[in-house]
Amino acid sequence: MLDEFRGYVRPSGRVGVRNHLLILSVTGLTGPTARRISACLPGSVVIDFPYDGGLLGEDRAAQDRALAGLGSNPNAGAVLLIGANTVRVGKFTELFSVAGTPMTAITLDECGHDAVTLTERGIRAGALLSKVISGLRREPVSLLNLTLGLECGRSDPSSGLVSNPLLGLIADRIVDFGGVAMIGESVEWMGAEHLLAARAATPDVAQKIQAAVDRREGLAVAGGIDLTGNNPGPSNIAGGLSTIEEKSLGNIAKSGSRPIQSVVAWAEAPEGPGFHLMDACSYAPESLTGFSGAGAQLLLFTTGVGNSYVNASAPTIKVGANPETSERLNEQLDYACPAVFSGDMALEQAAEELFVVLVDVASGTRTWGEILGEGGESFSRMGASI
Amino acid sequence: MSTRDNGKWDAVVLNPLDQVATALGNLSAGQSVRVRSGEVVEVIVLAEDIPLCHKFAVRVVAQGGVIHKYGEAIGAASIDIAIGRHVHVHNLKSLRAQRNQLNENSPS
């Protein structure tokens, strides 16, 4: 029985499924420098946070939480931290030092605000970090070390019938090992929230599920939009999904059947093992960053009609069951099971196959998204800037 | 588009409460399709083309009637819907996130 994968055990005790040199720019001012440095260090992963000055309150807290989470995600073997001033950068160096991640911080302040000097220092510092982490080796570890984020994008009814229930079986299995799994996209709990609330571990969690849905529904109404045409969006509707309720019922099939331990905010790490919900935006780039910012090392992402986007920090396994999509998107779907859709294969058998793919990817096999460089990070804004 | 033929069924009803089936292939108007619901397969004549993954009615639904899939409400019929008709955004409306309904439905 599969119960281990080969991962990078970090000084914190957490386990990475990748060994990235992460080039993390914590202010929009140093984004171009970060991208130049990354271009000179093949294989590095760059995250260029586009904001900083002017962030306020809840928004500021959420952005800093996400940056801290991305920098301490165990998929980062080392972090080259880039910022404008030593105060802001110092806040993050303290955090990452606690995790024991090899790290170098460079700032514009220390380079006389000369981006060329910053670039040169960054390339040299990043090269050294890259050398250090190239000496690290994978070792066998239990699957309980995994935190999974589960996503669906450009869904059609094959998602709700096959692909999402398939992820639900995988989520149950990881939870039963003692690992963590979560879904987000809280607008897509609407119409299915009673089913999620019935699985809440405590009455407080049930109340938070309802509150999250009420808030999203209120946002949609206040925004004056008809959800039909927005969510479900045009590609969902073309694919055959008619209403948010129908989409939600398919969406929550990803959540499996285990008790729901908590509702966390975007990019907030769940406390403790088990299944959790993330109250966050349903747009895939932001949703995936919510998961990797919350510490997920591995993502599973179903699509009905095709969706090429993946996360930069966490390998994203693309899953589909639509027969036409499965035939068309060879270099996108890491696992396709149209035979389940057509009734020629049991869902449980597909779950066995997908679990093998998951363990392989956790152990180093690259996803199509990684091979093709489709990864990005996107930050959910919670309010206006001053 | 070719008709799916695996010698079994062309569409599936997910729950006995459901008024709709999901097409497992591109199905054509006038076609007698085999619809599986649990262990039972019944034949329904389609009134219009039903693309892959789209829904059609397996029971008559009156205007205003709640439509179920997965055994759960997915919206209400905006017009009367006959058996074999395409069920989609033109005749099935969400009951959520609508300005005039949120006030009535939202928990106080």
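Residues numbered from 1 in each chain as written. Chains lettered and ligands numbered in written order. Predicted model: local features only at pLDDT ≥ 70, side-chain atom pairs only at ≥ 80, totals over all residues.

The next thing to look at is the sheet that holds strand S4 (residues 40-45) of chain B. What holds strands together in a sheet is hydrogen bonding between their backbones, with the strands either parallel or antiparallel. All names here are of chain B. Here six strands make up an open sheet; going across it, the order is S4-S3-S1-S2-S5-S8 and the pairing mixed. The sheet is open, and its two borders are formed by S4 and strand S8 (86-87), each paired with just one other strand. For strand S2 (residues 20-23) and strand S5 (residues 55-57), the ladder comprises three bridges, and the chain directions are antiparallel. Bridging across to S5, threonine 22 finds its partner in lysine 55. (Pairing = 2+ DSSP bridges. Helix = DSSP H or I, 4+ residues; strand = E, 2+ residues; numbered from the N terminus.)

What follows is about the sheet that holds strand S12 (residues 298-303) of chain A. All names here are of chain A. Ordered by their spatial adjacency, seven strands build an open sheet running S10-S11-S9-S8-S12-S14-S15, and the pairing between neighbours is parallel. Each edge of the open sheet is held by one strand with a lone partner, namely strand S10 (260-265) and strand S15 (335-336). Where helix H13 (residues 347-362) meets the sheet, its contacts fall on S12, strand S14 (316-320) and S15, and the angle it forms with S14 comes to roughly 160 degrees. (Contact = placed C-beta atoms within 7 Å. Axes fitted to C-alpha atoms, helices over the stretch in contact; angles between N-to-C directions.)

For chain B, per-residue confidence averages 88 on the pLDDT scale, and 84% of positions sit at 70 or higher. Among the scores for the predicted complex, ipTM is 0.89 and pTM is 0.94. (pLDDT = per-residue confidence, 0-100.)

All names here are of chain A. Between helix H2 (residues 57-72) and helix H3 (residues 86-99), the shortest axis-to-axis distance is 10 Å and the interhelical angle comes to 35 degrees. H3 is crossed by H2, and the crossing has right-handed handedness. Contact with H2, carried on its side by Leu67, Ala68, Gly71 and Ser72, involves Phe92, Leu95, Phe96 and Ala99 of H3 and no other residues of that element. Of the residues assigned to the contact of H2 with H3, the class counts are six nonpolar, two polar and no charged. (Left-handed = near helix turned anticlockwise from the far one by under 90°. Nonpolar A, V, L, I, M, F, W, Y, C, P; charged D, E, K, R; others polar.)

Turning our attention to the interface of chain B and chain A. When the parts of a complex come together, some accessible area is lost, and that lost area is often used as the size of the interface. Contact residues are listed per partner, giving 27 residues for chain B and 29 residues for chain A. Of all the elements in the fold, those that place two or more residues in the side of chain B that touches chain A are strand S7 (72-77) and helix H1 (99-105) of chain B. With four residues, S7(B) is the largest single contributor of residues to the side of chain B that touches chain A. Its residues placed into classes, the side of chain B that touches chain A shows 14 nonpolar, seven polar and six charged.

Residue and element names in this part refer to chain B. Both strand S3 (residues 32-37) and S4 contribute to a ladder of six bridges, which runs antiparallel. Counted as the bridge partner of valine 35 is glutamate 42 from S4. The turn joining S3 and S4, which pair antiparallel and follow one another in sequence, is formed by two residues; a positive phi near 65 degrees is taken by glycine 38.

All names here are of chain A. Between its first and last C-alpha atoms H2 spans 23 Å; for 16 residues at 1.5 Å apiece the expected length is 22 Å, and the two agree. Those residues of H2 lying buried are Ala62, Gln63, Ala66, Leu67, Ala68, Gly69, Leu70, Gly71 and Ser72. Elements in contact with the buried residues of H2: strand S3 (20-25), strand S4 (45-48), strand S5 (76-83), H3, S10 and helix H10 (284-293). (Expected span 1.5 Å × (residues − 1). Buried ≥ 20, exposed ≤ 12 C-beta atoms within 10 Å, placed from the backbone.)

Attention shifts here to helix H1 (residues 31-40) of chain A. Residue and element names in this part refer to chain A. Residues of H1 that are buried include every one of Thr33, Ala34, Ile37 and Ser38, and no others. The buried residues of H1 occupy an angular sector of 135 degrees when the element is viewed end-on, so they sit on one face. Buried residues belonging to H1 abut S3, S4, S5 and helix H4 (115-134). (Arc of directions from axis to C-beta.)

Attention now moves to the pairing of S3(B). One ladder, built from three bridges, connects strand S1 (residues 11-13) of chain B with S3(B); its direction is parallel. What sits directly across from B:Val13, in S3(B), is B:Ser37.

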